[in-house]
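Coordinate inspection notes
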Amino acid sequence: MADVKISAEVRKEFGKGASRRLRRENKVPGVIYGHGTEPVHVALPGYDLMMALKTSNVLITLDVEGRQELVIPKAVQREAIRGFLVHIDLLVVKRGEQVTVEIPVHTEGELAPGANLLEHVLNTLPVEAEATHIPEAVTVSIEGLTAGDSVLAKDIPLPKGSSLAVEEDTVVLNVLAAQAEAPAEGEAAEGETAAE
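All values derive from a computational prediction rather than experimental measurement.

The subject of this paragraph is the sheet that holds strand β8 (residues 116–120). With antiparallel pairing, the three strands of this open sheet are ordered in space as β8-β13-β11. Among the strands making up the open sheet, the edge pair consists of β8 and β11 (150–152). Recorded for the sheet is a direction-independent mean angle of 10° between the axes of neighbouring strands. Across three bridges, the pairing between β11 and strand β13 (residues 171–177) is antiparallel. When the sheet's bridge partners are listed, Ser150 is paired in β13 with Asn174.

Attention now moves to the layout of surface pockets. One number sums up the size of the largest pocket: a volume of about 270 Å³. The wall of the largest pocket is formed by 14 residues, among which Asn57, Pro73, Lys74, Val101 and Glu102 lie closest to the centre. Elements represented by at least two residues in the lining of the largest pocket include exactly β5 (67–78) and β7 (98–108). The leading source of residues in the lining of the largest pocket is β5, at five residues. Here the lining of the largest pocket is composed, by residue class, of six nonpolar, five polar and three charged. Within this model, the second largest pocket holds a volume of roughly 160 Å³. Along its surface, the second largest pocket is lined by Arg23, Asn26, Lys27, Val28, Gly46, Met50, Arg78, Gly83, Phe84 and Leu85. Where the lining of the second largest pocket is concerned, the elements lending two or more residues are β2 (27–34) and α2 (46–52). When the residues that make up the lining of the second largest pocket are grouped by side-chain class, the tally is four nonpolar, three polar and three charged.

Turning our eyes to something else, we now look at helix α1 (residues 16–24). Along α1, the residues that are buried comprise Ala18, Ser19 and Leu22. What you see down the axis of α1 is that its buried residues fit within an arc of 100°, all on one side. Among the exposed residues of α1, those oriented more than 90 degrees off its buried face are Lys16, Arg20 and Arg24. In this structure, the buried side of α1 is in contact with β2 and β3 (37–45). One or two positions beyond α1, positive phi appears at Asn26, with a value near 60°.

Attention now moves to a nonpolar patch on the surface. On the surface, Tyr47, Met50 and Met51 cluster together into a nonpolar patch covering about 290 Å² of accessible area. Mapping Tyr47 onto the fold places it in helix α2.

Right, let's get into the environment of Val31. Counting through the fold element by element, Val31 comes out in strand β2. Along the primary structure Val31 and Val42 are separated by 11 residues, whereas in three dimensions their C-alpha atoms are 5.9 Å apart. When neighbours within four sequence positions are excluded, Val31 is seen to be in contact with Arg11, Pro39, Val40, His41, His87, Ile88, Asp89 and Leu90.

The rules we used
Residues numbered from 1 in each chain as written. Predicted model: local features only at pLDDT ≥ 70, side-chain atom pairs only at ≥ 80, totals over all residues. Heavy atoms only, no water. Pairing = 2+ DSSP bridges. Helix = DSSP H or I, 4+ residues; strand = E, 2+ residues; numbered from the N terminus. Axes fitted to C-alpha atoms, helices over the stretch in contact; angles between N-to-C directions. 1 Å grid on protein atoms, 1.4 Å probe; cavity = no way out; pocket = protein on both sides within 12 Å on 5 of 7 lines; lining within 4 Å. Points joined across faces, edges and corners; volume = space filled by probe spheres on them. Nonpolar A, V, L, I, M, F, W, Y, C, P; charged D, E, K, R; others polar. Buried < 20%, exposed > 50% of the residue type's maximum accessible area, 1.4 Å probe, protein only. Arc of directions from axis to C-beta. Contact = heavy atoms within 4.5 Å. Patch = residues over 30% accessible without salt bridge, like charges linked within 9 Å, V, L, I, M, F, W, Y side chains within 5 Å. Areas by Shrake-Rupley, 256 points an atom, 1.4 Å probe, with all protein chains shown as cover. Salt bridge = Lys/Arg side-chain N within 4 Å of Asp/Glu carboxyl O.

What follows is the structure, given as structure tokens:
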């Protein structure tokens, strides 16, 4: 679990114009909330935040004008085409507190020989973990799985201290048989002759 330190400044201006000015200065507008406190509107350094967000569920120690806040990203908005950061919501967490997060599901191994396809029903798995020990990802072995096989949430080994935040019987991965391509309209199927 990555722990990153970033300095933030409290925002005093709000609205589209103020947000645009911040982005021109390579800063990202954000909101810190949680634990029954009033939301705090902040401006964060764009590059530092972008680098921190390369790690999923990164734990960030924010220095908000001298006050330390431990936060995790809750919602990140990006510009649709170029992908730059537009806004971020940060959730205040405490050490030892359990939080629910979505962690990426990675696969390893090869499917059984044949024309099988792997379908990711869930790309991320909701888990509950201690705020300072959030797993970066889970890895699932798909070695030898054949068409019709599924991997359920309960089949995925979770790191120590983590528990599922989804029904145990939720399908995470499915193995499908590849479909034979149907002949195009007007083409004869193999072994048939076209009507004259």
